[in-house]
Amino acid sequence: QVQLVESGGGSVQAGGTLRLSCVASGRTDSYNVMGWFRQVPGKEREGIAARYTGGDSQYYAASVKGRSTISRDNAKNSLYLEMNSLKPDDTAMYYCAAAPFYTLNPRDYDYWGQGTQVTVSP
């Protein structure tokens with residue numbers, strides 16, 4: 001069993017920066033990949049970034065590549081997403097999740113946090 005709790009969301013002006021955090025607990029060693037997703041009401045959940053827990057391999061969606069960084073602190077069982085140059089289109093509920101293999105398909109992820117809201121004003 002894996003428990004995930006996100007934090008760090010909020011309201012910011014366009015062009016600003018946020019650092020989202022996700023604290024994991026439970027048997028996290030059974031999962032090889034952690035990812036970040038976002039969802040807007042009425043739309044499908046979108047994969048943003050993912051990385052292996054035991055290495056430095058990373059993947060970013062085109063919509064955030066170049067202005068976002070996914071990282072882990074294994075000592076703190078934490079996952080982070082740093083987002084720069086935020087745009088109004090980045091407004092969404094952001095979730096972290098755990099999967100057994102490298103993927104950005106939300107259907108492949110077995111464990112999810114409760115989400116943290118990001119709102120970017122123009």
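Refer to the structure printed above.
Residues numbered from 1 in each chain as written. Predicted model: local features only at pLDDT ≥ 70, side-chain atom pairs only at ≥ 80, totals over all residues. Heavy atoms only, no water.

**Some points on the packing of aromatic side chains**
Consideration 1: Scanning all chains against the criterion turns up six aromatic pairs.
Consideration 2: Ring centres 5.2 Å apart and planes at 85° place the aromatic pair Y31 and Y111 in the edge-to-face group. Residue Y31 is found in the loop between β3 (18-26) and β4 (33-39), and its partner Y111 is found in strand β10 (residues 111-112); the two are separated by 80 residues along the sequence. Neither residue differs from the other here; Y31 and Y111 are each classed as buried.
Consideration 3: An angle of 85° between the planes, with centres 6.3 Å apart, marks the rings of Y95 and W112 as edge-to-face. Residue Y95 is found in strand β9 (residues 92-99), and its partner W112 is found in strand β10; the two are separated by 17 residues along the sequence.
Consideration 4: Taking relative accessible area as the criterion, Y95 reaches 13% and is therefore assigned buried.
Consideration 5: Exposure remark for W112: the relative accessible area of 26% places this residue in the partly exposed category.
Consideration 6: Feature note: the residues F37, Y95, Y109 and W112 constitute an aromatic cluster, connected by ring pairs.
Consideration 7: Geometry around Y80 places R19 over its ring, the cationic atom sitting 3.9 Å from the centre.
Consideration 8: Over the aromatic face of W112 sits the side chain of R45, whose NZ or CZ is 4.6 Å from the ring centroid. (Phe/Tyr/Trp six-rings, centres within 6.5 Å; stacked < 30°, edge-to-face > 60°. Helix = DSSP H or I, 4+ residues; strand = E, 2+ residues; numbered from the N terminus. Buried < 20%, exposed > 50% of the residue type's maximum accessible area, 1.4 Å probe, protein only. Lys NZ or Arg CZ within 6 Å of the ring centre and 35° of its normal.)

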